[in-house]
Amino acid sequence: MARAGNKNIQAKLVLLGDMGAGKTSLVLRFVKGQFHEYQESTIGAAFFTQVLSLNEATVKFDIWDTAGQERYHSLAPMYYRGAAAAVVVYDLTSMDSFQRAKKWVLELQRQGNPKLIMFLVANKADLDEKRQVQNEEGEQYAKENGLSFLETSAKTAQNVNELFYEIVRKLLRMAAVDVPLVVVDVEDGISFGPLAREYFHMYTIFSADKTFSYSFQLYHILLHVERVMKLISNEKCCSENDHCS
Ligand code: GTP
Ligand code: MG
């Protein structure tokens, strides 16, 4: 799972897809900047790590590159369980590999992790003359199933870094959502989460639209409620103890 803390995120990422789709090649392009014309088929799974530093955070990826051969299928849950992101890869010169990718998507949907970030990737975009799966077909399927979609080439590096940066952006957005803006507690009153003041301040400065106005109003209402709750708890405290500040 992705863990956010001090803007360091560690995320498990898994690649799934038919044999020969280019999973290992995509990872090697991303991690080592290499491409091998005769990449060996993966046995079981391979593990890689890579760190991406952005302005907002540093993300350490634990990448599981699974084997596409059917005989390794039963191992896959071990690798996708607990993953923050899954990349389902197909070879756009093979309709069979697209069908296989759809089966992976179904399997991931069935295992039911609503927070899993899923990407559908059509690899080998450099082989356009041999294309069997049209861009629109992949894009349409991804849209219908709530996945992000990209066409890549591990050979030319087209969209490879973009894929991983896109995953990071999604992870950061999810990590931000996981941090509560405002916590209201009957006993302790109101507290603002670490992002709250930053968030409202940002809207105050940059946004002139209605979202700003609503956020700003909400912020002030909450500040007011916070003051009232402090007063109440102080009064309660005074009535219970004589020596109360
Ligand atoms: P398994 O490990 O068997 O599941 O396959 P895989 O999905 O890891 O595929 P792999 O990366 O081994 O690539 C299979 C073959 O396709 C290799 O010969 C690669 O050189 C080639 N290949 C991978 N990506 C591309 C690409 O973007 N363009 C072209 N032209 N060839 C590619
Ligand atoms: Mg492989």
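Coordinates for the structure precede this section.
Visitor: Help me get a handle on the coordination of the magnesium ion (ligand 2), residues and values and all.
Guide: All of the protein donors around the magnesium ion (ligand 2) are Thr24 (OG1) and Thr42 (OG1); their distances to the metal are 2.0 Å. Of this pair, Thr24 sits in helix α1 (residues 23–32) while Thr42 sits in the loop between α1 and β3 (45–53); the two residues are 18 residues apart in sequence, bridging distant segments of the chain.

Visitor: Give a description of empty space enclosed by the protein that names residues and reports values.
Guide: By the definition in use, this model includes one cavity of 30 Å³ or more. Here the largest cavity defines a volume of roughly 40 Å³. Around the largest cavity sit Gly44, Thr66, Ala67, Tyr72, His73, Leu75, Ala76, Tyr79 and Trp104, which together line it.

Visitor: Summarise the packing of aromatic side chains; cite the residues concerned and give the values.
Guide: Applying the stated criterion across every chain yields a total of seven aromatic pairs. With a centroid separation of 5.0 Å and 40 degrees between ring planes, the pair formed by Trp64 and Tyr79 is classed as tilted. One end of the pair, Trp64, is in strand β4 (residues 58–66); the other, Tyr79, is in helix α2 (residues 76–80), and 15 residues separate them in sequence. Look at Trp64 and you get partly exposed, because its relative accessible area is 25%. On the basis of relative accessible area, Tyr79 is assigned to the buried category, the value being 12%. Ring plane angle 80 degrees and centroid distance 6.1 Å describe the contact between Phe98 and Tyr141, whose orientation is recorded as edge-to-face. Of the two residues, Phe98 is situated in helix α3 (residues 95–110) and Tyr141 in helix α4 (residues 135–144); the sequence distance between them amounts to 43 residues. Residue class for Tyr141 comes out buried when judged on its relative accessible area of 13%.

Visitor: I'd love a proper account of α3, names of residues and values included.
Guide: The end-to-end C-alpha distance of α3, which contains 16 residues, comes to 23 Å, matching closely the 22 Å that a straight helix rising 1.5 Å per residue would cover. Looking only at α3, the buried set comprises Ser97, Phe98, Arg100, Ala101, Trp104, Val105, Glu107 and Leu108. On the buried face of α3, the contacting elements are β2 (8–17), α2, β5 (85–91), β6 (117–123) and α4. Where α3 terminates, the next one or two residues include Gly112, which has phi positive at roughly 65 degrees.

Visitor: Break down the site of ligand 1 for me, with residues and values.
Guide: Around ligand 1, the surrounding shell holds 24 residues, and the nearest of these are Ser25, His36, Glu37, Ser41 and Gly68. Between ligand 1 and the protein, one listed contact pairs an oxygen atom with a backbone N or O atom of Gly68 at 2.7 Å. Within the side chain of Asp126, one N or O atom sits 2.8 Å away from a nitrogen atom of ligand 1. With the chains in place, 90% of the 650 Å² that ligand 1 exposes on its own is no longer accessible. For ligand 1, the cavity whose grid points lie within 2 Å of the majority of its atoms is the second largest pocket. The element that contributes the greatest number of residues to the shell around ligand 1 is α1, accounting for three residues. Here the shell around ligand 1 is built from residues that sort into six nonpolar, eleven polar and seven charged.

Cut-offs applied
Residues numbered from 1 in each chain as written. Chains lettered and ligands numbered in written order. Predicted model: local features only at pLDDT ≥ 70, side-chain atom pairs only at ≥ 80, totals over all residues. Heavy atoms only, no water. Donors = N, O, S within 2.8 Å, 3.2 Å for Na, K, Ca; no water. Helix = DSSP H or I, 4+ residues; strand = E, 2+ residues; numbered from the N terminus. 1 Å grid on protein atoms, 1.4 Å probe; cavity = no way out; pocket = protein on both sides within 12 Å on 5 of 7 lines; lining within 4 Å. Points joined across faces, edges and corners; volume = space filled by probe spheres on them. Phe/Tyr/Trp six-rings, centres within 6.5 Å; stacked < 30°, edge-to-face > 60°. Buried < 20%, exposed > 50% of the residue type's maximum accessible area, 1.4 Å probe, protein only. Expected span 1.5 Å × (residues − 1). Contact = heavy atoms within 4.5 Å. Near = heavy atom within 4 Å. Polar contact = N/O pair within 3.5 Å; in protein donor to acceptor, adjacent residues only side chain to side chain. Areas by Shrake-Rupley, 256 points an atom, 1.4 Å probe, with all protein chains shown as cover. Sits in = over half its atoms within 2 Å of the grid points. Nonpolar A, V, L, I, M, F, W, Y, C, P; charged D, E, K, R; others polar.

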